[in-house]
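Examination of the molecular architecture
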Amino acid sequence: MTVVAVVGSQWGDEGKGKVVDLLTDAADLVVRFQGGNNAGHTLVVGGESYALHLVPSGILHPGKRALVGNGVVVDPDVLIGEIDDLAARGVEVTPGNFTVSASAHVIMPYHRMLDGARERPPAGDCAGGRVVIGTTGRGIGPCYEDKASRQGLRMGDLLLPERFSSRAGAALLEKNALFRTLYALPEVGLPELEALRERWAARLAPFIGDARAVLWEALSAGRNVLFEGAQGSQLDIDHGTYPYVTSSTTLSGGACGGAGAPPRSLGKVLGLVKAYTTRVGEGPFPTEVAGPFGERLREAGREYGTTTGRPRRCGHLDAVAVRTAVALSGITSLAVTKLDVLRGLGPLKIAESYRLDGELVRHMPPDIRDLARCEPVYRDCDGFGEDISGARRLSDLPGAARRYLDCLEELCGAPLGLVSVGPERGETVLLEKFF
Ligand code: IMP
């Protein structure tokens, strides 16, 4: 049995979809443990492209099981849409291959409304203290807020009409007061939510169950389990660039709370590292390059959000950020993605440390006021102009690309496990057997 957790070590969008898909071949169970449909993976399987936001990519492989753990927040309409799309393309989603935890929280329409309202700063002076995060607008934060304040509705509640109505009614008292007084939004009626519950339950009931029990059974039967992280280490609610973060634990440890995995079961942690850095939304980004280099990276890497289509901010690889992720998630090896995108971009740089008040710092400062004052200290690397998509071993790569990887490995502080040299599955240099 092997248990592998795949986590992002930057600000998300590291290209987890392809790597998770590669590893899924040898996994028996693929588990999501945090986030929701703020995530988005594009996968190419059998020549077909699939964009998945909630259902773990294991579903695309016959004979595998996919779980959505209790730590995920679920928008039932998105889930139903994904199940329908998969079915229309011949991928059967059945209670035998897919379970969503009864304890996963439900993203309600009022969560999306609140997310949107908070991201629109009011005109005038009162904009002062409000932080605009640049969220995906999917209702993720407000749903996790209700979970923490014990006002949430869980997937299991969709099957209990009376409990659903009383809890939704109580939540509406507060939400409608906010909509009326602060956000000038229309109030939401309970009958509207009750009708949704009925529709959601009718479609999703067969899939709602005890996902933990499925996981524990797989672990005790010695099966291979893959935890599919979403977003990235610097977006973690506790250790990221707060408040410009998502609302969940994006680190490997999230698999414990968010799926019920015993901490000691996590064998390997694969940290995804894009060969450069991107970020969507607001917040500090020390190695960002606003000029032509950043624009060329965005075009070459097609750096536009899978979920929102927003252009991503681009910059040099930041080994300080990745080193911090290695420490936080206990990353045992690195999966470098999109190395091919750097082709022809000229000389490259990797931030090896930051200078803060005259001192060199090697990890991300925990407060963004300090981070905003950090000046990256760069290591210069040669660029490469060759097409590397045919490389299958490190020795197939041009010298400059190899030296860039050596530098990355040394500065980030974990060994390379694989290097992706193109979007296709086969365009990979595999250096480690994960399962
Ligand atoms: P939220 O998760 O929608 O609340 O957004 C909070 C922050 O996390 C914003 O800066 C988003 O752009 C960012 N974010 C959320 N999900 C992803 C993702 O899958 N990739 C990259 N950034 C993300």
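Computed from a prediction, not measured in an experiment: that's the story for all the values here.

Right, let's talk about the overall build of the chain for a bit. Counting its secondary structure elements, the chain contains 12 helices and 20 strands. The globule rule puts the C-alpha radius of gyration for 435 residues at 22 Å, and the 22 Å found for the chain is close to it. Counting every position in the chain, which comprises 435 residues, the buried fraction comes to 56%. A total of about 17,400 Å² of accessible surface is found on the chain, and carbon and sulfur atoms cover 52% of it. Of the side-chain charges in the chain, 48 are positive and 53 negative, and the distance between the mean point of each set is 2 Å.

Quick look at the sheet that holds strand S2 (residues 29-32) now. Sheet architecture is open: 10 strands sit in the order S9-S7-S5-S2-S10-S1-S11-S15-S19-S20, paired in mixed fashion. Each edge of the open sheet carries a strand with a single partner, namely strand S9 (208-209) and strand S20 (428-430).

Let us look at the site of the ligand. Near the ligand there are 15 residues, and of these Asp 13, Asn 38, Thr 136, Thr 246 and Arg 310 occur at the shortest range. One of the side-chain N or O atoms of Thr 136 is found 2.6 Å from an oxygen atom in the ligand. Contact between the ligand and Gln 231: a nitrogen atom at 3.2 Å from a side-chain N or O atom of the residue. Starting from 470 Å² of accessible surface for the ligand in isolation, the protein chains cover 96%. When grouped by side-chain class, the residues that make up the shell around the ligand number six nonpolar, seven polar and two charged.

Turning to empty space enclosed by the protein, a few remarks are in order. Scanning the entire structure with this criterion turns up one cavity of 30 Å³ or more. Of the pockets and cavities examined, the largest cavity occupies roughly 40 Å³. In terms of lining residues, the largest cavity is bounded by Ala 275, Tyr 276, Phe 293, Leu 297, Gly 315, His 316, Leu 317, Leu 342, Leu 348, Lys 349 and Tyr 404. Elements with a minimum of two residues in the lining of the largest cavity: helix H9 (292-300) and strand S16 (348-356).

A few words now on the pattern of salt bridges. Scanning all chains against the criterion turns up 27 salt bridges. In this structure, Arg 199 and Asp 77 form a salt bridge, with 3.1 Å as the shortest nitrogen-oxygen distance. Of this pair, Arg 199 sits in helix H6 (residues 190-204) while Asp 77 is found in helix H2 (residues 76-88), placing the two residues 122 residues apart along the sequence. The class of Asp 77 is partly exposed, set by a relative accessible area of 31%.

Counting buried positions over the nine residues of helix H1 (residues 16-24) gives nine, a clear majority of the element. Burial in H1 covers these residues: Lys 16, Gly 17, Lys 18, Val 19, Val 20, Asp 21, Leu 22, Leu 23 and Thr 24.

The next point concerns unusual backbone geometry. Along the chain, Tyr 242 connects to Pro 243 via a cis peptide bond; the corresponding omega equals 5°. One can find Pro 243 in the loop between strand S10 (225-232) and helix H8 (254-259). With phi around 50°, Asp 357 is a residue other than glycine that occupies positive phi space. Relative to the assigned elements, Asp 357 resides in the loop between S16 and strand S17 (359-361). A residue is classified by how much of its surface remains accessible, and Asp 357, at 58% relative accessible area, is exposed.

Within the secondary structure layout, Ala 261 lies in the loop between H8 and strand S11 (268-274). Ala 261 sits 173 residues away from Phe 434 along the chain, and the two C-alpha atoms are 19 Å apart. Once you skip the residues sitting within four places of it in the chain, Ala 261 turns out to touch Leu 215, Phe 227, Ala 255 and Cys 256.

In terms of residue burial, S11 counts as a mostly covered element, since six of its seven residues are buried. Relative to S11, strand S1 (residues 3-8) is paired through five bridges, and the arrangement is parallel. The partner of Val 4 across the bridge, within S11, is Lys 268. Summarising the sheet, S11 and strand S15 (residues 333-337) pair through five bridges and their orientation is parallel. Its bridge partner being in S15, Leu 270 is matched across the sheet by Ser 333.

A few words on the packing of helix H3 (residues 109-119) against helix H5 (residues 161-183). Remark: H3 packs on H5, axes separated minimally by 11 Å, with the N-to-C direction vectors making an angle of 30°. Relative to H5, H3 is oriented roughly parallel. As H3 packs across H5, the resulting crossing turns out to be left-handed. Residue-level inspection shows Tyr 110, Met 113, Leu 114, Ala 117 and Arg 118 of H3 in contact with H5, the latter providing Ala 171, Leu 172, Lys 175, Leu 178, Phe 179 and Tyr 183. Taken together, the residues of the contact of H3 with H5 break down into nine nonpolar, no polar and two charged.

On to the domain arrangement of the chain. For the chain, the assigned domains read domain 1 (3-97 + 210-430) and domain 2 (105-206). Placing a centre on the C-alpha atoms of domain 1 and another on those of domain 2 gives a separation of 29 Å. Facing 29 residues of domain 1, the contacting portion of domain 2 comprises 22 residues. Across the interface of domain 1 and domain 2, roughly 2,100 Å² is buried in total on both sides, 58% from carbon and sulfur atoms. Counting the surface domain 1 buries against domain 2, the share from its top three residues, Val 73, Pro 76 and Ile 80, is 25%.

Calculation rules
Residues numbered from 1 in each chain as written. Predicted model: local features only at pLDDT ≥ 70, side-chain atom pairs only at ≥ 80, totals over all residues. Heavy atoms only, no water. Helix = DSSP H or I, 4+ residues; strand = E, 2+ residues; numbered from the N terminus. Rg over C-alpha atoms; globule rule 2.2 N^0.38 Å. Buried < 20%, exposed > 50% of the residue type's maximum accessible area, 1.4 Å probe, protein only. Areas by Shrake-Rupley, 256 points an atom, 1.4 Å probe, with all protein chains shown as cover. Lys, Arg positive; Asp, Glu negative; His and termini not counted. Charge placed at Lys NZ, Arg CZ, Asp CG, Glu CD. Pairing = 2+ DSSP bridges. Near = heavy atom within 4 Å. Polar contact = N/O pair within 3.5 Å; in protein donor to acceptor, adjacent residues only side chain to side chain. Nonpolar A, V, L, I, M, F, W, Y, C, P; charged D, E, K, R; others polar. 1 Å grid on protein atoms, 1.4 Å probe; cavity = no way out; pocket = protein on both sides within 12 Å on 5 of 7 lines; lining within 4 Å. Points joined across faces, edges and corners; volume = space filled by probe spheres on them. Salt bridge = Lys/Arg side-chain N within 4 Å of Asp/Glu carboxyl O. Contact = heavy atoms within 4.5 Å. Axes fitted to C-alpha atoms, helices over the stretch in contact; angles between N-to-C directions. Parallel < 35°, antiparallel > 145°, perpendicular 65-115°, else oblique. Left-handed = near helix turned anticlockwise from the far one by under 90°. Domains from an automatic or database assignment. Buried area = accessible area lost by both parts, 1.4 Å probe.

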